[in-house]
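The residues making up each chain are set out below.
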Amino acid sequence: MGLLSRLAGLAPSKAPTDDVLLIHAMFLMAGADGNFDDEEAAVLIAAANSLPEFKDTTEQQFQGMIGDAKKLVRKYENPQASVAALGQISTPALKQKAFLLAAEIALASGDVDEDEDAMLEAMQRVLGLDDATAKTIINVLAIKYAS
């Protein structure tokens, strides 16, 4: 425990939940290009609403998780560095889901730029996904979002 924690009586922060980390992955991708517009917010909310992890989540609980995801980003030097937090996701299946959600956010917004591509590559590394799995996820989503 550090000096501030001892003197201020602050408890160490607890590890983020998988739900918060899934939201974190989507937010990181939505903001990877430097802006977070209404279309990306709508895709993020729609994606979250379709997940079993958020099935019984109230609006207030969901907003709380969004707040926790925002706090998580602030614990790091910058959003790119906060990708490291995704390594705390508890299972390989949820790590794949986080990658899929991030890739979907990128592809749903149209053209994928260099910043989004770099963010997705960083996520792949942190999440421990092999190239074949990442490629499969991206190929399926590319079919979904092809015009």
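Please refer to the structure higher up on the page.
Here's what I pulled together on the structure shown here. (Residues numbered from 1 in each chain as written. Predicted model: local features only at pLDDT ≥ 70, side-chain atom pairs only at ≥ 80, totals over all residues. Heavy atoms only, no water.)

## Brief notes about helix H5 (residues 92-108)
So, point 1. The terminal C-alpha atoms of H5, which comprises 17 residues, lie 24 Å apart, in line with the 24 Å expected from a rise of 1.5 Å per residue.
So, point 2. Taken together, the buried positions of H5 are occupied by Leu94, Lys95, Ala98, Phe99, Leu101, Ala102, Ala103, Glu104, Ile105, Ala106 and Ala108.
So, point 3. Summarising the contacts, the buried residues of H5 are in contact with helix H2 (18-30), helix H3 (38-49), helix H6 (114-127) and helix H7 (131-145).
So, point 4. Note on H5: the residue one or two positions beyond its end, Gly110, has a positive phi of about 105°. (Helix = DSSP H or I, 4+ residues; strand = E, 2+ residues; numbered from the N terminus. Expected span 1.5 Å × (residues − 1). Buried < 20%, exposed > 50% of the residue type's maximum accessible area, 1.4 Å probe, protein only. Contact = heavy atoms within 4.5 Å.)

## Structural notes on the pattern of salt bridges
So, point 1. Enumeration over the complete set of coordinates arrives at two salt bridges.
So, point 2. Between Lys97 and Glu53 there is a salt bridge, and its shortest N-O distance comes to 2.8 Å. Linking Lys97 in helix H5 with Glu53 in the loop between H3 and helix H4 (59-74), this pair joins segments that are 44 residues apart in sequence.
So, point 3. When its relative accessible area of 22% is taken as the criterion, Lys97 is described as partly exposed.
So, point 4. What makes Glu53 partly exposed here is its relative accessible area of 24%. (Salt bridge = Lys/Arg side-chain N within 4 Å of Asp/Glu carboxyl O.)

## Section: the packing of aromatic side chains
So, point 1. Scanning the model with the defined rule gives one aromatic pair in all.
So, point 2. Ring geometry for Phe54 versus Phe62: centroids 5.6 Å apart, planes at 85°, classification edge-to-face.
So, point 3. Assessed through its relative accessible area of 5%, Phe54 is described here as buried. (Phe/Tyr/Trp six-rings, centres within 6.5 Å; stacked < 30°, edge-to-face > 60°.)

## Topic: the nonpolar core
So, point 1. Core analysis: the biggest nonpolar cluster contains 42 residues, and Ile23, Met26, Met29, Leu86, Phe99, Met123 and Leu127 have the highest contact counts within it.
So, point 2. Mapped onto this core, the elements with two or more residues apiece are H2, H3, H4, H5, H6 and H7.
So, point 3. Counting residues per element, this core draws most heavily on H2, at ten residues.
So, point 4. Beyond its immediate chain neighbours, meaning those up to four positions away, Leu127 contacts Leu86, Ile89, Lys95, Ala98 and Phe99. (Core = buried A, V, L, I, M, F, W, Y, C linked by side-chain atoms within 4.5 Å.)

Bear in mind that shape data such as this cannot, by itself, settle questions of function.
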